[in-house]
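Take a look at the letters that make up each chain.
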Amino acid sequence: MEKTEKRGMIDTWLDKHRSLYTAATRHDFVVSIRDGSVDLSSFKTWLGQDYLFVREFVPFVANVLIRAGKESGETSDMEVVLGGLASLNDEIEWFKSEGSKWGVDFSTVVAQKANQEYSRFLEALMNSEVEYSVVLTAFWGIEAVYQESFAHCLGDGNKTPAELTGACNRWGNDGFRQYCLSVKNIAERCLENASRDALVEAEDVLVRVLEHEVAFWEMSRG
Ligand SMILES: Cc1ncc(CO)c(N)n1
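Residues numbered from 1 in each chain as written. Predicted model: local features only at pLDDT ≥ 70, side-chain atom pairs only at ≥ 80, totals over all residues. Heavy atoms only, no water.

**Regarding the pattern of salt bridges**
Applicable threshold: A pair is scored as a salt bridge if a Lys or Arg side-chain nitrogen falls within 4 Å of a carboxyl oxygen belonging to Asp or Glu. Numbering of helices and strands runs from the N terminus, with a helix taken as a DSSP run of H or I at least four residues long and a strand as a DSSP run of E at least two residues long. Remark: exposure states derive from per-residue accessible area (1.4 Å probe, protein chains only) relative to the maximum for the residue type, with buried under 20%, exposed over 50%, and partly exposed in between.
Evaluated as defined, the whole model comprises 15 salt bridges. A salt bridge links Asp15 to Arg7; its shortest N-O distance comes to 2.9 Å. In this structure, the salt-bridge partner of Asp11 is Lys184, at a minimum N-O distance of 2.8 Å. Placement of the pair is Asp11 in helix H1 (residues 9–16) and Lys184 in helix H9 (residues 174–192), with a sequence separation of 173 residues. You can call Asp11 partly exposed: its relative accessible area is 24%.

As structure tokens, this is what we get:
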């Protein structure tokens with residue numbers, strides 16, 4: 001077997017920041033969904049905050065889409081991002097129906113500090129001075145944390161409550177996993193041609209995404 005299989009920058013960075021990555025993808029809240037001990041008020045808090053987050057995430061992804069059309073090397077890149085944007089459209093509808101199922105009125109939910117800070121971080125990444133490879137690294141991280149977290153809740157031996165499997169399936173399904181891999185491949189390709197400065201910035205941005213994700217899960221503690 002060929003032993004020179006190329007590992008990309010992202011895998012290298014994940015190894016380097018493994019404990020932070022684990023903190024983001026195996027948070028107590030996620031583990032409690034998987035083992036069935038989840039506190040439903042925590043789930044409702046997360047639901048309301050994540051609905052607000054997704055509304056801020058849409059313009060960020062739209063910005064990635066515009067840049068994919070201009071700056072990506074391959075025409076299929078734009079289609080991958082467009083697929084992500086399309087699934088956000090479904091996601092917003094899903095949040096609304098979950099909101100009524102759980103009695104969470106989104107019109108009265110106020111973004112908490114961690115959520116506001118995450119939004120501000122996304123806004124800063126939309127600045128055209130931020131290199132596309134850096135933006136894509138962040139985009140991958142944001143999606144991958146949810147994919148890994150919720151796939152964990154569906155893994156062998158899970159005791160995830162039936163009423164929460166919808167949420168877990170949304171991000172834990174195999175289609176979403178494939179989509180994350182596609183985004184990762186695009187990011188890796190762009191990182192191969194990135195400057196040394198851009199690589200330093202991309203690693204930093206990935207770390208900050210992971211920190212924001214941990215802080216986001218922490219809000220569910222109430
Ligand atoms: C906080 C957060 N991160 C990522 C996603 C999507 O991947 C989401 N819906 N919310």
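Now that the structure has been shown, we can carry on.
**Quick word on the layout of surface pockets**
Basically, it comes down to this: A pocket, in this scheme, is an open set of points on a 1 Å grid over the protein atoms alone with protein on both sides within 12 Å along at least 5 of 7 lines, while a cavity is a set where a 1.4 Å probe fits but cannot get out; residues line either one if an atom lies within 4 Å of a point. Grid points are joined across faces, edges and corners, and a volume is the space filled by probe spheres set on the points. Residues are grouped as follows: Ala, Val, Leu, Ile, Met, Phe, Trp, Tyr, Cys and Pro are nonpolar; Asp, Glu, Lys and Arg are charged; every other residue, Gly included, is polar.
For the largest pocket, the calculated volume is near 210 Å³. Every element with two or more residues in the lining of the largest pocket is listed here: H1, helix H2 (18–25), helix H7 (132–152) and H9. Here the lining of the largest pocket is built from residues that sort into 6 nonpolar, 1 polar and 5 charged.

**Some details on the site of the ligand**
Formally: One heavy atom within 4 Å of a molecule or strand is enough for the residue carrying it to be called near that molecule or strand. We define a polar contact as two N or O atoms separated by no more than 3.5 Å, with the added condition that, inside protein, one atom must be a possible hydrogen donor and the other a possible acceptor, whereas residues neighbouring each other in sequence contribute only through side-chain atom pairs. The protein chains shown are the only cover counted for residues, whose accessible areas, like all others here, come from Shrake-Rupley with a 1.4 Å probe. The way we define it, a molecule is inside a pocket or cavity when more than half of its atoms are within 2 Å of that pocket's grid points.
The ligand sits among Asp50, Phe53, Val54, Glu91, Ile142, Glu143, Tyr146, Trp171, Glu213 and Phe216. Within the contact set of the ligand, an oxygen atom lies 3.3 Å away from a backbone nitrogen or oxygen of Ile142. Contacts to the ligand include Glu143, whose side-chain N or O atom sits 2.6 Å from an oxygen atom. Contact with the protein chains hides 100% of the accessible area of the ligand, taken as 290 Å² for the molecule alone. Cavity membership is defined here by more than half of the atoms lying within 2 Å of grid points; on that basis the ligand lies in the largest cavity. Sorting the residues of the shell around the ligand by element identifies helix H4 (40–71), H7 and helix H10 (196–218) as the ones contributing at least two each.

**A few points about the nonpolar core**
So the rule is basically this: Throughout, nonpolar core names a set of buried Ala, Val, Leu, Ile, Met, Phe, Trp, Tyr and Cys residues whose side chains join them through atoms within 4.5 Å. The contact criterion used is simple: two residues touch if any of their non-hydrogen atoms lie within 4.5 Å.
One finds Trp46, Leu47, Phe57, Phe60, Phe139 and Phe150 to be the most contacted residues of the largest nonpolar core, which totals 74 residues. With residues near it in sequence (within four places) discarded, Phe57 still touches Leu88, Leu122, Phe139, Ile142 and Glu143.

**As for empty space enclosed by the protein**
Enumeration according to the criterion identifies 1 cavity of 30 Å³ or more in this entry. Quantified by volume, the largest cavity comes out at close to 140 Å³. As for the largest cavity, its lining consists of 16 residues, of which Phe53, Phe57, Glu91, Glu143 and Trp171 are closest to the centre. Elements represented by at least two residues in the lining of the largest cavity include exactly H4, helix H5 (75–102), H7 and H10. Residues of the lining of the largest cavity, tallied by class, amount to 10 nonpolar, 2 polar and 4 charged.

By themselves these figures say nothing about function.
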